[in-house]
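Structural description and commentary
Residues per chain are reported as follows:
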Amino acid sequence: MIELTPHILLTAALSGVVIGIFLTVFGGGGSVLAAPLLLYFVGVTDAHLAIGTSAAGVAATAMINLFGHWWNGRIKWPCALVFGAAGLVGSIIGSTIAKMIDGQSLLVAFSVAMAAIGLSMFRKPASEGDPNVHLTWQFTAKLLPVGLLVGFAAGFFGIGGGFLIVPGLMLATGMPITAAAASSLVSVAIFGTATAGNYALAGWVDFRLTGLLVVGGLMGGLIGNRLIGLLANRLSLGRKLFAALIIVVAVYIALRALHII
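Here we summarise the structure given alongside this text. (Residues numbered from 1 in each chain as written. Predicted model: local features only at pLDDT ≥ 70, side-chain atom pairs only at ≥ 80, totals over all residues. Heavy atoms only, no water.)

Of note in this structure, His259 is not a glycine but carries a positive phi near 60°. With respect to the helices and strands, His259 occurs in the segment after α10 (235–257). (Helix = DSSP H or I, 4+ residues; strand = E, 2+ residues; numbered from the N terminus.)

Written as structure tokens, this is what we have:
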């Protein structure tokens, strides 16, 4: 376990603030910075520990943010639960395989996933869809395989997977992006909990750091909500700049993992 020095306490809390801001303002893709921040800002030296701890933080943050969307009736619960149940199986399989891979190879794979997330954020989000969508057998047949694949990716890379869950829900059911974004938090919480639990069995979750990430994330969420209003006309540009940042960080992680720098 890492010693909780004043430096560690401060950097872990600040990491949570950064994650909370990006998650609130830009949604999908924000949580992918959690593991890199733990590794290169806080000072965690084990890649598995960073991924397991960040997964726990992402799950807790998603659960907290879930209640606001639930209260406002934005979540399509039947669709979200079917998708989440299938993804639960996938996340357990994915995180189990990831635990068997050495830290260097896992970081290289993680950097590839980060780059894919960054590139996906350059796409213009869709806004059309059926706001009154209801679960049917046809939708269930689509939700199960998509949920399984997305859950596997989320578990393997230790990420929330919102950037995959949102388009996955929209593709399978035709729901609008607002409902998909809210409903995706159900799966993020399920996948993150399963991944963190799997890593915790191997001793690769530091719940003290998780707590600091969550506390910082709450503060970041409050800041992010203020920024949304201030940046209302510049969110598209901000999203592209954030996507570029993710790609730069992905390249840095790959170069560090390969000992090029």
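There is more to say, and it comes next.
In this section: the packing of aromatic side chains. On inspection of all chains with the given rule, the structure shows six aromatic pairs. Where Tyr199 meets Trp204, the ring centres are 6.1 Å apart and the plane angle is 50°; that geometry is what we call tilted. The buried category is assigned to Tyr199, whose relative accessible area is 0%. Relative accessible area serves as the criterion here: at 22%, Trp204 is assigned to the partly exposed category. Counting every residue linked through ring pairs, the aromatic cluster contains Phe67, Trp70 and Trp77. (Phe/Tyr/Trp six-rings, centres within 6.5 Å; stacked < 30°, edge-to-face > 60°. Buried < 20%, exposed > 50% of the residue type's maximum accessible area, 1.4 Å probe, protein only.)

Let's shift gears to the nonpolar core. Here is a general trend for soluble globular proteins: nonpolar side chains tend to be buried in one another's company. Counting residues in each nonpolar core, the largest one holds 45 residues, and the members touching the most others are Phe110, Met114 and Leu209. Of all elements in the fold, only α1 (6–26), α2 (34–42), α3 (47–71), α5 (103–120), α6 (137–157), α8 (177–201), α9 (207–230) and α10 reach the threshold of two or more residues within this core. Leaving out residues up to four positions away in the same chain, Phe110 has contacts with Val32, Ala35, Pro36, Phe157, Ile159 and Ile253. If you look at the next biggest cluster of nonpolar residues, it comprises 27 residues, including Phe83, Leu143, Ala154 and Met175. (Core = buried A, V, L, I, M, F, W, Y, C linked by side-chain atoms within 4.5 Å. Contact = heavy atoms within 4.5 Å.)

Packed helix pairs are characterised by how far apart their axes lie and by the angle those axes make with each other. Viewed as axis vectors pointing N to C, α3 and α8 meet at an angle of 150°, and their least axial separation amounts to 7 Å. Classed by the angle they form, the pair α3 and α8 counts as roughly antiparallel. Taken as a pair, α3 and α8 cross one another with a handedness that is left-handed. When α3 is examined against α8, the residues His48, Ile51, Gly52, Ala55, Ala56, Val58, Ala59, Ala62, Met63, Asn65, Leu66 and His69 are found in contact with a partner set consisting of Ala182, Leu185, Val186, Val188, Ala189, Gly192, Thr193, Thr195, Ala196 and Tyr199. (Axes fitted to C-alpha atoms, helices over the stretch in contact; angles between N-to-C directions. Parallel < 35°, antiparallel > 145°, perpendicular 65-115°, else oblique. Left-handed = near helix turned anticlockwise from the far one by under 90°.)

Function cannot be inferred from these measures alone, as they are strictly geometric.
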